[in-house]
Amino acid sequence: MRVAHLLAARAFIVAALLLLGACAGYSGSNLRPGISTLPEVVAVMGEPAFRWPSPGGGEQLAYPRGPAGTQTFMVFVGADGRLLRIEGVLDMAHFARIEPGKSDKAAVLRLLGPSQPQWTEYFKARDELVWEWRFCDSWNQVARFDVLFDATTGIVRTTYQRPEYNGWKNDTLSCAH
């Protein structure tokens, strides 16, 4: 019985250390522009959800941290294979770059990364596709950002944001950072 307790305790410690290690690489904050390489980025942050080639060489990598998380990070790597920068993209500055009537699904995906599949919805009566992201708004409250596309053309119709409510009192959630 004592051996089983020791093995369980050891497994718990290993799991906790792995979890702490995963948190350390969450945003790639320990990576250094101009120094860190693409293999180091992947070793720290994991495999990206998407990769796009950049003009002139290099790559853009998407790291969504949802559905419970409120951030998506875009990692930009130069043609030399070194980190250029890491951007948190779920914010008002990036949302403002989406142009109704002009931006399409590919542009939104490259700007914000993928929305959460469980929050993607198609409305047949309007022929409308909605993508949604969870983020921290300007008041440090958890909110949702939606992009509504014409489902036939893939062009953005409109965008909007709303607070995320919690519980029967409709309390808003505060972001923890």
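Criteria and cut-off values
Residues numbered from 1 in each chain as written. Predicted model: local features only at pLDDT ≥ 70, side-chain atom pairs only at ≥ 80, totals over all residues. Heavy atoms only, no water. Pairing = 2+ DSSP bridges. Helix = DSSP H or I, 4+ residues; strand = E, 2+ residues; numbered from the N terminus. Axes fitted to C-alpha atoms, helices over the stretch in contact; angles between N-to-C directions. Buried < 20%, exposed > 50% of the residue type's maximum accessible area, 1.4 Å probe, protein only. Arc of directions from axis to C-beta. Contact = heavy atoms within 4.5 Å. Salt bridge = Lys/Arg side-chain N within 4 Å of Asp/Glu carboxyl O.

## Focus on the sheet that holds strand β7 (residues 142–150)
Consideration 1: An order of β5-β6-β7-β8 is seen for the 4 strands of this open sheet, with the pairing classed as antiparallel. Strand pairing shows two members of the sheet lacking a second neighbour, β5 (121–123) and β8 (156–163), which therefore form its edges. When strand polarity is set aside, the average angle formed by the axes of neighbouring strands in this sheet is 25°.
Consideration 2: Relative to β7, strand β6 (residues 128–136) runs antiparallel, the two sharing 9 bridges. Looking at the pairing, cysteine 136 lines up with valine 142 of β7.

## Quick look at helix α2 (residues 38–45)
Consideration 1: When α2 is considered as a whole, its buried residues turn out to be Leu38, Val41, Val42 and Met45. One face of α2 carries all of its buried residues, which in axial projection span an arc of 95°. Along α2, the residues that are exposed and aim more than 90 degrees away from the buried face are Pro39 and Ala43.
Consideration 2: Structurally, α2 contributes buried residues whose contacts are with β1 (50–53), β2 (59–64), β3 (72–77) and β4 (83–88).
Consideration 3: One or two steps after α2, the chain reaches glycine 46, where phi turns positive at roughly 90°.

## Notes on the pattern of salt bridges
Consideration 1: According to the stated counting rule, one finds 12 salt bridges in the structure shown.
Consideration 2: Among the ionic pairs, glutamate 87 bridges to arginine 85, the shortest N-O distance being 2.7 Å.
Consideration 3: By relative accessible area, which is 38% here, arginine 85 ends up partly exposed.
Consideration 4: Between glutamate 132 and arginine 144 there is a salt bridge, and its shortest N-O distance comes to 2.6 Å. Separated by 12 residues along the polypeptide, glutamate 132 in strand β6 and arginine 144 in strand β7 bring together distant segments of the chain. Each member of the pair, glutamate 132 together with arginine 144, is buried.
Consideration 5: Among the ionic contacts, a cluster of salt bridges with common partners joins Glu132, Arg134, Arg144, Asp146, Arg162 and Glu164.

## Side note on the sheet that holds β4
Consideration 1: With antiparallel pairing, the 4 strands of this open sheet are ordered in space as β1-β2-β3-β4. The open sheet has two edge strands with one neighbour each: β1 and β4. Recorded for the sheet is a direction-independent mean angle of 15° between the axes of neighbouring strands.
Consideration 2: Relative to β2, β1 runs antiparallel, the two sharing 4 bridges. Its bridge partner lying in β2, tryptophan 52 is registered against glutamine 60.
Consideration 3: Across the face of the sheet, α2 comes into contact with β1, β2, β3 and β4 while running at roughly 5° to β2.
Consideration 4: Strands β1, β2 and β3 of the sheet are contacted by helix α4 (residues 105–112), whose axis makes an angle of about 90° with β3.

## Points about the environment of leucine 111
Consideration 1: The residue leucine 111 is located in helix α4 in this model.
Consideration 2: Classification of leucine 111 as buried rests on a relative accessible area of 11%.
Consideration 3: C-alpha separation for the pair leucine 111 and methionine 74, spaced 37 residues apart in sequence, amounts to 8.4 Å.
Consideration 4: When near neighbours in sequence (up to four residues on either side) are disregarded, leucine 111 contacts Met74, Val89, His94, Arg97 and Ile98.

## Details of the environment of valine 75
Consideration 1: Position of valine 75 relative to the elements: it lies in strand β3.
Consideration 2: Between the C-alpha atom of valine 75 and that of glycine 28, which follows or precedes it by 47 residues, the distance is 8.9 Å.
Consideration 3: Ignoring any residue separated from it by four or fewer positions in sequence, one finds valine 75 in contact with Val41, Met45, Glu59, Gln60, Leu61, Tyr63, Leu83, Arg85 and Ile86.

Honestly, that's just the spatial picture; any functional story needs more than this.
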